[in-house]
Structures are given as C-alpha cells and as structure tokens.
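Structural characterization, general
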Amino acid sequence: MTLLRLIFSCLFIALFASVHPVSAQETAPEPVDRSATGGAQTLEDILARQRGEAVDDTFRRENTGNPLENNNLSAPLGGVSDPEIWRALRYGTADVSSTSQTPGSTLLVQDGGMAWLKWRQGPLLTYGGYALLIMLGLLVLFYLLRGKIMIEAGPSDTRIERFKPVERFGHWLLAGSFILLGLTGLITLFGRKGLIPWMGHDTYATIALAGKWIHNNVAWAFMLGLIMVFVMWVARNIPHRRDLVWIIKAGGLLSKHSHPPAGKFNAGQKLIFWGTIVLGASISVSGLALLFPFEIPMFAKTFGILNSLGAPGWVGMAPLPEVLTPHQEMQFAQGWHAIMAFAMMVMIIAHIYIGSVGMEGAFDAMGDGQVDLNWAKEHHSVWVEEVQSKASRSGASTPAE
Ligand code: HEM
C-alpha cells in the first residue's frame, strides 16, 4: 500500500512539475530594494515578470489594506483609479458579494488563466502530439523488424471459448467510447492550432460543437465500460510469480519459439489492464470535475496530502500550493485529465496493434469470442491446461471456460 502510494506520488509530482510553473527549478528571487517606490513594485519587478521570471509578490499580496476600507466597490466606474481596491480584488481580500451563489462567483480576478492557456497550447499539445507519433513510429518499426506474430504451430481445427458475450460487450463499450472520446478530445485540443487554419472557423465550429456533445455524453458509456471490465477481469489480473518470467523474456514477443507460460492474461496484458483501470479512473474523476464546474475540487486537498508525505521534496520541488482558487482547481483538472488521456492513448495504440494486425489469431478473442487452440497454447498455456482439466472433469467435448 505504501509502495503504491509512493509510486502514485512520484508519478503525480513528475507530471505536476511539467504543468505548474512554480517549481524548485525556478531560482529563489533576490530581495529587492523598493524604498524608491515607497514599497510598491519597481520597474525591475515588472520587467522580471515580463521575462517570465518568478517575482516574490508578497510585498503586494500581503499589503491589500484594511478590507473595510477597500469596500468602495459602488463608486462609479471610470472614476478615480483606486489601487487599494484593485490590489484587494487581485489578491482576493476585497469584500465582494454576489447574487449568484455558485463557487467562484465572488472571485473577480485570478491570474492562473494565462499560464494555463500557454501550457495547454504549448507543451501539452506539442509533447502529447509527439508521444502519439513516437508510439505509432515504434509500432511501425516493430512490425518491420518482427513482422506479424504468427501461430507457430499453425492454426488447429479446434477453437475454444475465450470471452463470453457480456465480456465482449463490456470490452467494446469501453473501446468504442474511448476511441470516440480520444478523437473528440484531440479535435478540441488541436482546434485552434491544427484544424482552424486548415478548415476555417465555420466548419470547425460545427465539428467542435458536435465533438463537445459527443465527448460530454459518451463519457458515461466509458465509465460504465470501465466498471464492467474491472469487475469481470480483476480476479484474473492479480499479479503472479510467473509474470516475472514473462517480463524477463519480454513475453517471447521479440524472439520466435519461446513462449513463457501465462494464465488467462499474461503480464503484458495485466499491465494494460491495470493501466486502463488506473488511467481510466483518473480520467473519469477529473472529467467529472470538468463536467460539473467548481463542484468537485480535489487538487488543493491532494497537494496537502502529498506535502504532508514530503513528496515534493523527493524530486527537489517546493511544497505544492494548498490553497487554490476555484478556477485554478478547474485548470488543474483540465491539465490532469489531458495528461492522463495522452498516457492512455499511447498505451492503447500499442494494445490495438497487438490485438489486431500485430498478432495472428488475437482479434478472434474479442471478435466471436472463440480462439484457435494452438494460439491459446502458445500464448496462454496455463489457462489452456485449466480449461481442459475443467472440461474433462465436467465431461464436455469442447473445452470452454
Ligand atoms: C479497435 C480497438 C481494439 C482492439 C482491436 C482490441 C482488441 C482486444 C483483444 C483481441 C483483446 C483480448 C486479448 C486476449 O485474448 O488475450 C483485448 C483485451 C483488452 N482490451 Fe482491447 N482492443 C481495442 C481497444 C481497446 C480499448 C480502447 C481499450 C481501453 C480503453 C481496451 C482495453 C482492453 C483491456 C483492458 C483488455 C484486457 C487486457 C488485455 O488483453 O490486454 N481495448 N482487446
């Protein structure tokens, strides 16, 4: 459990470091002499901020005056500029009231939006896109070097049941919805930079509108498929000692005539299973936070837990922020949702390859649910023995699970 928590924390922090501009890599700002401006910001502060450097703004943040004196919000607009009021609004200490009672409605100024937008249109889009292309390239390379993995003993004339109809339904519900969500998500992310210059605003607007509707509604099918797959297959995906041998031999995928023993699911598939469950659950929860804006804040709390474990220190980072505005919570939810989705797409592309063009006989398992006996013996020898002994005990002629 502790190990699991450790792995999660490391993954989280490593990813967080790429999302959030505040990290230990930023050098601690030098103390600045602000006596010439009477304690207000200096030209140096402004220039440093424009260069994207970290500016210690406590001299302003902690100097927003008496909130009672900052309450002059009913003064006519366009009148005298009141720096006291604007500073109080900027740092969230002004006494603002609103008829709307939704979270975030009294927050009039927050400055996380620009950093979030730049990150979304910059590193997220670039590295995410490259990750997908690199995985596609690796699979093409693997296909060219290794070729299609064939049934070495050749197809037999016996087929055995591998997945029941309900299992295949759960799989295709998950797979179909994931593909729709992945495509519509990418359309949203790559719209401004990749699609609008190519197809124009009007066409893109129609596609984006349909894509958003699909994305928001198909999400429920994905969550249902994820739950079904988890319930149906979790028992078969508990790690086993033989999985280590499978991993050491890389599943025999790299060399011919060497098939390490495997149960119903081999170690590679168990990794795909747990990857699907962990990433899928993470995408679902952050997706729900986006679907119900401001209603499911969870990042400030999570950061608090990570800080109490001392997790940021492990990767040389400063403690994570434990107070976030509702809007920052949403920005983190979007960032996390997208990172997890890219990770899952990269993983699933490899899965789709091996389950279709990459391996002779594999698709049948999710096609009509029946696989060739020789294929099963080569890739899931322990499972075949189990199925056969069960069949002989029950006197059935066709081995089936
Ligand atoms: C066109 C796309 C896909 C194809 C052709 C495909 C094919 C397959 C096949 C043939 C199996 C059974 C392997 C066996 O018999 O041992 C399988 C299992 C599985 N699939 Fe898919 N799949 C696709 C998409 C997806 C997607 C999008 C997801 C998740 C979002 C997914 C998740 C799983 C999981 C968790 C398993 C069980 C573990 C494993 O066998 O790796 N699949 N898939």
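Structural notes, computed from the coordinates. Because the structure is a prediction, the values reported are computed rather than measured. Sequence order sets the numbering: in each chain, residues are counted from 1 along the sequence as written. Predicted model: local features are reported for residues with pLDDT of at least 70 only, side-chain atom pairs are reported and counted for 80 or more only, and whole-chain, interface and lining totals are derived from all residues.

Moving on: unusual backbone geometry. Here the phi dihedral of Ala250 falls at roughly 50 degrees; this positive angle occurs in a residue that is not glycine. Here Ala250 shows up in the loop between α8 (241-248) and α9 (267-291). In this structure Ala250 comes out as partly exposed when scored by C-beta crowding, with 13 C-beta atoms within 10 Å. Positive phi, close to 70 degrees, is recorded for Phe294, a residue that is not glycine. Helix and strand labels come from DSSP, where a helix needs a run of H or I of at least four residues and a strand needs a run of E of at least two; each type is numbered from the N terminus. For Phe294, the position within the fold is in the loop between α9 and α10 (299-309). Here the C-beta atoms are placed from the backbone, and a residue counts as buried if at least 20 other C-beta atoms lie within 10 Å of its own, exposed if 12 or fewer do, and partly exposed otherwise.

Because an α-helix packs 3.6 residues into every turn, residues spaced three or four apart end up facing the same way. Here, expected helix span is obtained from the residue count minus one, scaled by 1.5 Å. Here helix α6 (residues 165-189) is 25 residues long and its end C-alpha atoms lie 35 Å apart, about the 36 Å a rise of 1.5 Å per residue gives. Those residues of α6 not exposed but buried are Gly170, Leu174, Ser177, Phe178, Leu181, Thr184, Gly185, Leu186 and Leu189. Summarising the contacts, the buried residues of α6 are in contact with α5 (112-146), α7 (191-233) and α12 (326-355). Note that contacts rest on C-beta atoms placed from the backbone: two residues are in contact if these are within 7 Å.

Before going further, it helps to examine the nonpolar core. By convention in this section, buried Ala, Val, Leu, Ile, Met, Phe, Trp, Tyr and Cys residues joined through C-beta atoms within 7 Å make up a nonpolar core. In this structure, Ala338, Met340, Ala341 and Met344 are the most contacted members of the largest nonpolar core, which totals 30 residues. Mapped by element, the contributors of at least two residues to this core are α6, α7, α9, α10 and α12. Broken down by element, the residue count for this core peaks at twelve residues, all from α12. Setting aside residues no more than four positions away along its own chain, Met344 makes contact with Leu279, Gly280 and Ile283. Listed in part, the twelve residues of the second largest apolar core include Ile151, Ile160, Phe163 and Ala376.

Angles here are taken between N-to-C directions and fall from 0 to 180 degrees, while the axes themselves are lines fitted to C-alpha atoms, restricted in helices to the stretch in contact. Packing of α9 against α12 leaves a shortest axis separation of 9 Å and a crossing angle of 150 degrees. Relative to α12, the element α9 is oriented roughly antiparallel. Read as a crossing pair, α9 and α12 show a hand that is left-handed. In this structure, α9 contributes Ile272, Gly275, Leu279, Gly280, Ser282, Ile283, Ser286, Gly287, Ala289 and Leu290 to the contact, and α12 contributes Ala333, Gln334, Trp336, His337, Met340, Ala341, Ala343, Met344, Met347 and His351. The class makeup of the residues in the contact of α9 with α12 is twelve nonpolar, eight polar and no charged. Small angles under 35 degrees read as roughly parallel and large ones over 145 as roughly antiparallel, with 65 to 115 read as roughly perpendicular and the rest as oblique. Helix crossings are classified by the rotation of the near helix relative to the far one: an anticlockwise turn of less than a right angle makes the crossing left-handed, while a clockwise turn makes it right-handed. Each residue gets one of three labels, nonpolar for Ala, Val, Leu, Ile, Met, Phe, Trp, Tyr, Cys and Pro, charged for Asp, Glu, Lys and Arg, and polar for the others, Gly among them.

Right, let's get into the environment of His171. Looking at where His171 falls in the secondary structure, it is placed in helix α6. A residue is classified by how many C-beta atoms lie within 10 Å of it, and His171, with 19 of them, is partly exposed. Sequence separation of His171 and Met366 is 195 residues, and the distance between their C-alpha atoms is 7.8 Å. When neighbours within four sequence positions are excluded, His171 is seen to be in contact with Val229 and Met366.

So, about helix α14 (residues 381-394). When the terminal C-alpha atoms of α14 are compared, their 20 Å separation across 14 residues agrees well with the 20 Å that a helix rising 1.5 Å per residue should span. Contacts from the buried residues of α14 go to β1 (159-161) and α13 (373-379). Gly395, located one to two residues past α14, shows a positive phi value of around 75 degrees.

Take it as geometry only, folks, not as evidence of what the structure does.
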